[in-house]
Amino acid sequence: VRAPGSISLLIRQQARGEAQRMPTLDKTITQLNHLLITSHDASLNYRRLADSAETAEQRHLFSEREQQCSALQACLHQQIVTYGGRPQEHPSLWGALRHGWRGLSAALMPERGRTRMHSALRTEQCIRHGFEHLLAEELAPEFRQQLQEHNSLSVEFERLFRARL
């Protein structure tokens, strides 16, 4: 048997619990959107690297990673909608400027060999940073598994890029 005041206390505690969950969900959606934009930037970067690759092996490697980044984007887009969020459609201003600068600098001073691999490493580090933040959140087990698989691909490509330096 509960005292009359304890029911209202229980209701207030449940309301606070709901209020505490919402910022976490908003934070997760924000991090999903951040990784979505990062993977979009990565996809563009890998397309640029594939287009300017010196060997068929590099072209294949960068094209394959571009496709994997596109698959990650689709996965993230679906999960953002599932969580009730709105997927970002356009990169941030900073991302657009960075991509524009990379394109301009590549046109003026084409990336060759090690420079190309360093660019790919920076891209993978950005993606991995997004995974680290997102995997620290509470996620549905199936989605967590998907993210871990994509993260494993990132780890593998980073290993391949480092081996070619």
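Before reading further, recall that the structure is shown in the block above.
A. Broad picture of the nonpolar core. In this structure, Leu-32, Tyr-46, Phe-62, Leu-76, Phe-143, Leu-147 and Phe-161 are the most contacted members of the largest nonpolar core, which totals 27 residues. In terms of residue count, helix 1 (residues 4-51) provides more of this core than any other element does, 8 residues in total. Setting aside chain neighbours within four positions, we find Phe-143 in contact with Leu-32, Cys-75, Leu-76, Gln-79 and Tyr-83.

B. Broad picture of helix 5 (residues 141-163). In this model, helix 5 (23 residues) spans 33 Å end to end at C-alpha, consistent with the 33 Å of a helix rising 1.5 Å per residue. Restricting attention to buried positions, one finds in helix 5 the residues Phe-143, Leu-147, His-150, Asn-151, Ser-154, Phe-157, Glu-158 and Phe-161.

C. Representation of the environment of Arg-128 within the structure. With respect to the element layout, Arg-128 can be found in helix 4 (residues 113-135). Relative accessible area serves as the criterion here: at 23%, Arg-128 is assigned to the partly exposed category. With 90 residues separating them along the chain, Arg-128 and Thr-38 place their C-alpha atoms 9.9 Å apart. Filtering out sequence-adjacent residues up to four positions away, Arg-128 remains in contact with Asn-151, Ser-154, Val-155 and Glu-158. A polar contact is formed between the side chain of Arg-128 and the side chain of Glu-158, at a distance of 2.6 Å.

D. Expanded view of helix 2 (residues 56-82). Here helix 2 contains 27 residues, and its C-alpha end-to-end distance of 39 Å stays within 8% of the 39 Å for a straight helix at 1.5 Å per residue. Count one or two residues on from helix 2 and you reach Gly-84, which has phi positive near 90 degrees.

E. Region of interest: the pattern of salt bridges. A full pass over the atoms with the stated rule returns 8 salt bridges. The closest approach of N and O atoms between Glu-54 and Arg-116, which form a salt bridge, is 4.0 Å. Residue Glu-54 is found in the loop between helix 1 and helix 2, and its partner Arg-116 is found in helix 4; the two are separated by 62 residues along the sequence. Overall, the relative accessible area of 46% leaves Glu-54 in the partly exposed class. Judged by its relative accessible area of 0%, Arg-116 falls in the buried class.

F. Representation of the packing of aromatic side chains. Counted by the stated rule, this structure contains 5 aromatic pairs. With centroids separated by 5.9 Å and ring planes inclined at 55 degrees, the aromatic side chains of Phe-157 and Phe-161 adopt a geometry described as tilted. Of this pair, Phe-157 and Phe-161 both sit in helix 5, 4 residues apart, roughly one helical turn. Judged by its relative accessible area of 0%, Phe-161 is buried. A connected cluster of aromatic rings, assembled from ring pairs, spans Tyr-46, Phe-62, Phe-157 and Phe-161.

G. Layout of the side chain of Gln-73. By the secondary structure assignment, Gln-73 is in helix 2. Overall, the relative accessible area of 16% leaves Gln-73 in the buried class.

H. Fine view of the packing of helix 2 against helix 5. Following both chains from N to C, one finds helix 2 and helix 5 inclined at 160 degrees, their axes separated by 11 Å at the closest point. Taken together, helix 2 and helix 5 sit at an angle that is classed as roughly antiparallel. Classified by chirality, the crossing of helix 5 by helix 2 is left-handed. Residues Leu-61, Phe-62, Glu-64, Arg-65, Gln-68, Ala-71, Leu-72, Cys-75, Leu-76 and Gln-79 of helix 2 lie in contact with helix 5, whose contacting residues are Phe-143, Gln-146, Leu-147, His-150, Leu-153, Ser-154, Phe-157, Leu-160 and Phe-161. Along the lines of polarity and charge, the residues of the contact of helix 2 with helix 5 split into 12 nonpolar, 5 polar and 2 charged.

Rules behind the numbers
Residues numbered from 1 in each chain as written. Predicted model: local features only at pLDDT ≥ 70, side-chain atom pairs only at ≥ 80, totals over all residues. Heavy atoms only, no water. Core = buried A, V, L, I, M, F, W, Y, C linked by side-chain atoms within 4.5 Å. Buried < 20%, exposed > 50% of the residue type's maximum accessible area, 1.4 Å probe, protein only. Helix = DSSP H or I, 4+ residues; strand = E, 2+ residues; numbered from the N terminus. Contact = heavy atoms within 4.5 Å. Expected span 1.5 Å × (residues − 1). Polar contact = N/O pair within 3.5 Å; in protein donor to acceptor, adjacent residues only side chain to side chain. Salt bridge = Lys/Arg side-chain N within 4 Å of Asp/Glu carboxyl O. Phe/Tyr/Trp six-rings, centres within 6.5 Å; stacked < 30°, edge-to-face > 60°. Axes fitted to C-alpha atoms, helices over the stretch in contact; angles between N-to-C directions. Parallel < 35°, antiparallel > 145°, perpendicular 65-115°, else oblique. Left-handed = near helix turned anticlockwise from the far one by under 90°. Nonpolar A, V, L, I, M, F, W, Y, C, P; charged D, E, K, R; others polar.

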